[in-house]
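# Residue-level structure breakdown
Okay, here's what each chain looks like letter by letter:
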Amino acid sequence: MTTSERLIEATRELLWERGYVGTSPKAIQQAAGAGQGSMYHHFAGKPDLALAAIRRTAEEMRATAEGALNGGGSAYARVEAYLLRERAVLRGCPVGRLTMDPDVMASEELRAPVDETLDWLRGRLAGIAQEGLDSGELAGPLDPAELAATIVATVQGGYVLARASGSPAAFDTAVRGLLSLLSPRTSRTS
């Protein structure tokens with residue numbers, strides 16, 4: 001791994017664990033095994049490096065979500081695959097946690113990849129919900145955009161509940177509850 005890659009990866013981990021303020025240039029350099037000169041050779045400063053790390057995290061989240069959502073099967077099966085995919089539940093969502101960081105949210109540049117990723121996810125899920133409605137698999141009245149927002153809120157809220165309780169059980173319970181509401185059996189009998 002190149003020095004710039006090590007710096008980005010170290011920053012990604014530190015942002016996930018500590019947030020922007022808690023991620024000092026010195027901590028990044030130590031975690032990456034790089035000197036100050038190397039850091040400033042590759043990046044203009046902490047904001048530039050944080051932006052590269054946030055973009056990388058956002059890209060990874062999109063790719064992981066797309067892997068689950070692009071699988072074959074019904075709309076319900078694809079949403080189920082997304083909801084049940086393996087996650088580091090107790091660590092929280094590396095993108096979602098950035099929304100709780102006031103320094104990231106105060107910076108239009110740092111916030112942009114977070115907003116874009118969550119917008120993309122809602123849009124992707126809304127498209128799948130519309131497919132389910134069009135095929136008759138999901139019964140209305142459902143608004144695809146509202147359902148997509150509910151799915152994202154369940155995942156992000158599930159992370160919060162799991163972290164608060166110190167157990168992934170709260171996340172799993174939220175996901176199972178949403179899936180039971182979306183179940184084609186439940187939708188058709190409502």
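These lines cover the structure that appears in this document, whether it is placed above or below. Every chain begins its residue count from 1, and numbering advances along the sequence as written. The model is predicted, so local features are restricted to residues of pLDDT at least 70 and side-chain atom pairs to those at 80 or more, both for listing and for counting; the totals for chains, interfaces and linings are taken over all residues. Hydrogens and water molecules were not included; the side-chain quantities draw on all heavy atoms of the structure.

### Let's talk about the overall build of the protein chain
On a plain count of helices and strands, the protein chain comes out with ten helices and zero strands. If you list the helices and strands of the protein chain from N to C, you get α-α-α-α-α-α-α-α-α-α. Over its C-alpha atoms, taken along the principal directions, the protein chain stretches across nearly 65 × 30 × 30 Å. A total of 190 residues make up the protein chain; the buried ones form 42% of that total. In the protein chain, the share of contacts with a sequence separation of at least 24, taken over all contacts with a separation of at least 6, comes to 67%. Taken as a whole, the protein chain presents about 9,500 Å² of accessible surface, with 53% of it coming from carbon and sulfur. Under the convention used here, Asp and Glu are negative, Lys and Arg are positive, and both His and the chain ends fall outside the count. Charge positions come from single atoms, namely NZ of Lys, CZ of Arg, CG of Asp or CD of Glu. Computed over 20 positive and 23 negative side-chain charges, the inter-centroid distance for the protein chain is 5 Å. Every helix listed is a DSSP run of H or I at least four residues long, and every strand listed is a run of E at least two residues long, numbered separately from the N terminus. We call a residue buried when its accessible area falls under 20% of the maximum for its residue type, exposed when it is over 50%, and partly exposed in between, using a 1.4 Å probe and counting protein chains only. Any two residues whose heavy atoms approach within 4.5 Å at even a single point are treated as in contact. Here the open area of atoms and residues is found with the Shrake-Rupley method and a 1.4 Å probe, where only the protein chains shown may cover a residue.

### Comments concerning the packing of aromatic side chains
The aromatic pairing rule takes the rings of Phe, Tyr and Trp, using the six-membered ring of Trp, and pairs them if the centres are within 6.5 Å, calling planes under 30 degrees apart stacked, those over 60 edge-to-face and the rest tilted. Applying the stated criterion to the full structure yields one aromatic pair. Taken together, a centroid distance of 5.2 Å and an interplanar angle of 40 degrees make the contact between Tyr159 and Phe171 tilted. With Tyr159 in helix α8 (residues 144-165) and Phe171 in helix α9 (residues 169-182), this residue pair connects regions lying twelve residues apart in the sequence. Only Lys NZ and Arg CZ are tested; either one counts as a charge over a ring when it is within 6 Å of the ring centre and within 35 degrees of the ring normal. Geometry around Tyr82 places Arg87 over its ring, the cationic atom sitting 4.9 Å from the centre.

### Considering the nonpolar core
For the purposes of this section, nonpolar cores are sets of buried Ala, Val, Leu, Ile, Met, Phe, Trp, Tyr and Cys residues that join through side-chain atoms within 4.5 Å. Counting 52 residues, the largest nonpolar core has Leu7, Tyr82, Leu83, Leu121, Leu125 and Ile151 as its most contacted members. Contributing elements (two or more residues each) for this core: α1 (3-18), α2 (25-32), α4 (46-69), α5 (75-84), α7 (108-135), α8 and α9. When residues of this core are assigned to their parent elements, the largest contribution, nine residues, is made by α4. Leave out the neighbours within four places in its chain, and Leu125 touches Leu69, Val79, Tyr82, Ala148, Ile151 and Val152.

### Concerning the environment of Thr23
Examined against the element boundaries, Thr23 turns out to sit in the loop between α1 and α2. With a relative accessible area of 1%, Thr23 lands in the buried category. Counting along the chain gives eleven residues from Thr23 to Arg12, while the straight-line C-alpha distance between them is 9.6 Å.

### As for the pattern of salt bridges
Each salt bridge in this description consists of a side-chain nitrogen of Lys or Arg and a carboxyl oxygen of Asp or Glu lying within 4 Å of one another. Enumeration over the complete set of coordinates arrives at ten salt bridges. Put simply, Arg91 and Glu17 hold a salt bridge, and the shortest N to O gap is 3.8 Å. A residue pair is termed long-range when its members are at least 10 positions apart, and Arg91 in the loop between α5 and α6 (102-106) and Glu17 in helix α1 qualify at 74 residues. With a shortest N-O distance of 2.4 Å, Arg78 and Glu131 are connected by a salt bridge. Here Arg78 is found in helix α5, whereas its partner Glu131 is found in helix α7, with 53 residues between them in sequence. Judged by its relative accessible area of 10%, Arg78 falls in the buried class. Assessed through its relative accessible area of 39%, Glu131 is described here as partly exposed. Here the residues in one salt-bridge network are Glu5, Glu9, Arg12, Arg56 and Glu60, joined through shared partners.

Note that every value here comes from positions in space, so none of it alone points to a role or purpose.
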